[in-house]
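Geometric and topological summary
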Amino acid sequence: MPDIRPARVSGALVLNATYEPLCVVSVRRATILVLTSKAVCVADGEGILHSANDQLPVPSVVRLTRYVRVPYRTHIGLSRRGIFARDGWRCAYCRGPAETIDHVMPRSRGGRHAWENVVAACARCNHTKGDKTPAELGWRLHTSPIAPKGVAWRVLGHRTPDPRWADWLDLSSDSLALGRAA
Ligand SMILES: [Zn+2]
């Protein structure tokens, strides 16, 4: 079994009418979707919500009752947290805990600020590396800096996935790094 920590539930997964995962919204927002019949709850979270004359399980996954067209984003924006998540919060050079972002080809030498040229790094390696390339230092990258892709990344970003969402998201090895290290 994958090692997904029970998440502090901070949101609910929204599925399109076709069961395609769309996004994560607050539990409050998901509840309103259900109460206004814009969505139905397909997986309960923990706890019961009380309203004036009703009780409702906290929704963990809801499905929209009507299909919505969503422009498909293939490009996942570069973010600091995203880089840490992709690299499992480990330094790309020594595998120690990472706390900085390093440009593999230094920016001072024309390196781009893009998924393919950024890695998580510990402060010590980052400082030692300075404006050199890994090859110049005889260092080896322990990660392959590529742009993350897939439904789980698109929907979750750096969020910790709730284990109850696993049936709808392909929580395979890559995205599981998120759950472990968030
Ligand atoms: Zn390091």
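Before reading further, recall that the structure is shown in the block above.
This is a predicted model, so every value here is computed, not measured.

1. Notes on the side chain of Thr31
The residue Thr31 is located in helix α1 (residues 27–35) in this model. Among the polar contacts listed, one links the side chain of Thr31 to the backbone oxygen of Val27, at a separation of 2.7 Å. If near-sequence neighbours (up to four positions away) are discounted, Thr31 is found in contact with Leu49, Leu56 and Pro59.

2. Re the pattern of salt bridges
Under the defined criterion, the tally for this structure stands at six salt bridges. Between Glu136 and Arg109 there is a salt bridge, with the nearest N and O atoms lying 2.8 Å from each other. Taken together, the residues span a long stretch of sequence, with Glu136 in helix α4 (residues 134–137) and Arg109 in the loop between β5 (100–103) and β6 (118–121) at a distance of 27 residues. By relative accessible area, which is 39% here, Arg109 ends up partly exposed. Taken together, the shared-partner salt bridges in this structure form one network comprising Glu46, Asp162 and Arg164.

Conventions used here
- Residues numbered from 1 in each chain as written.
- Predicted model: local features only at pLDDT ≥ 70, side-chain atom pairs only at ≥ 80, totals over all residues.
- Heavy atoms only, no water.
- Helix = DSSP H or I, 4+ residues; strand = E, 2+ residues; numbered from the N terminus.
- Polar contact = N/O pair within 3.5 Å; in protein donor to acceptor, adjacent residues only side chain to side chain.
- Contact = heavy atoms within 4.5 Å.
- Salt bridge = Lys/Arg side-chain N within 4 Å of Asp/Glu carboxyl O.
- Buried < 20%, exposed > 50% of the residue type's maximum accessible area, 1.4 Å probe, protein only.

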